[in-house]
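# Residue-level structure breakdown
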Amino acid sequence: MNRMEASTRSPQDTVRQIEGITESTIIRYFDTLNTENYQTCANLFATDGVMYPPFEEGILGREAIATFLQREAQGMKLEPERGISQVVENGDLEVQVVGKVQTPLFGVNVSWFFLLNSQQKIATTKIKLLASPQELLSLKR
């Protein structure tokens, strides 16, 4: 973290811990989004990493992810609560985190599914809204 990043963080914006999760990449993902440091968040992804946000096609690559986050994640507050992780056959790590996202307009329960490669980079993340069909319809643009 550089000095500029450190000076813009406030204690309530950082995720100190997520119950059941110790992987620093996952904790930094939430920290960088909460501090609106989108390029740093995108750099947590593998070069060919993919983000699958709700209601969107997969977003491939760091620059595309950073651009998407800059456009869509402004003002969001992510509140991860707990998670689980397990190593899969090829040695990659699957991580699932549940929590909430608060936007300027609404709050919603969310589940994040991450796949970390052997370099601890995010190969994929899938973000799913945990809401009723009626709630989802009211959120969709």
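Look up a bit, the structure's there.
Now for a description of the structure that goes with this document. A quick note: this is a predicted structure, and the numbers were derived from the prediction, not measured.

Cut-offs and rules
- Residues numbered from 1 in each chain as written.
- Predicted model: local features only at pLDDT ≥ 70, side-chain atom pairs only at ≥ 80, totals over all residues.
- Heavy atoms only, no water.
- Core = buried A, V, L, I, M, F, W, Y, C linked by side-chain atoms within 4.5 Å.
- Buried < 20%, exposed > 50% of the residue type's maximum accessible area, 1.4 Å probe, protein only.
- Helix = DSSP H or I, 4+ residues; strand = E, 2+ residues; numbered from the N terminus.
- Contact = heavy atoms within 4.5 Å.
- Salt bridge = Lys/Arg side-chain N within 4 Å of Asp/Glu carboxyl O.
- Pairing = 2+ DSSP bridges.

## With respect to the nonpolar core
Counting 31 residues, the largest nonpolar core has I26, Y29, F30, L69, V97, W112 and F114 as its most contacted members. For this core, the secondary-structure elements that each account for two or more residues are α2 (24-34), α3 (38-42), β1 (45-52), α4 (62-72), β4 (93-102), β5 (107-116) and β6 (122-130). Filtering out sequence-adjacent residues up to four positions away, V97 remains in contact with I18, I21, I26, F30, P80, R82, G83, V110, S111, W112 and F114.

## Quick word on the environment of G99
By the secondary structure assignment, G99 is in strand β4. Of the residues examined, G99 reaches a relative accessible area of 5% and is grouped as buried. It is 7.0 Å that separates the C-alpha atoms of G99 and R82, two residues lying 17 residues apart in sequence. Excluding residues within four positions of it along the chain, G99 makes contact with E79, P80, E81, V108, N109, V110 and W112.

## Examining the pattern of salt bridges
Summed over all chains, the structure comprises three salt bridges. Put simply, E72 and R71 hold a salt bridge, and the shortest N to O gap is 3.1 Å. The class for R71 is exposed, based on a relative accessible area of 53%. With a closest N to O distance of 3.9 Å, K100 and E81 form a salt bridge. Remark: E81 occurs in strand β3 (residues 77-87) and K100 occurs in strand β4; sequence separation between them is 19 residues. Residue E81 is classed as partly exposed on the basis of its relative accessible area, which comes to 35%. Ionic contacts of the salt-bridge type, sharing partners, join the residues E81, R82 and K100 into one network.

## As for the pairing of β1
Note that β1 and β6 share four bridges and pair parallel. Bridge pairing links M51 to T125 in β6. Bridge analysis of β1 against strand β2 (residues 59-60) gives two bridges, and the strand direction is antiparallel. Each bridged residue has a counterpart across the sheet, and for V50 the counterpart in β2 is L60. With antiparallel pairing between neighbouring strands as the criterion, β1 and β2 make up a hairpin whose turn holds six residues, including F55 at a positive phi of roughly 65°.

## Comments concerning unusual backbone geometry
Of note, the phi angle at E36 is positive, near 55°, even though the residue is not glycine. Looking at the element boundaries, E36 is found in the loop between α2 and α3. Non-glycine residue Q120 carries a positive phi angle of around 65°. With respect to the helices and strands, the residue Q120 is situated in the loop between β5 and β6.

Structural measurements only, silent on function.
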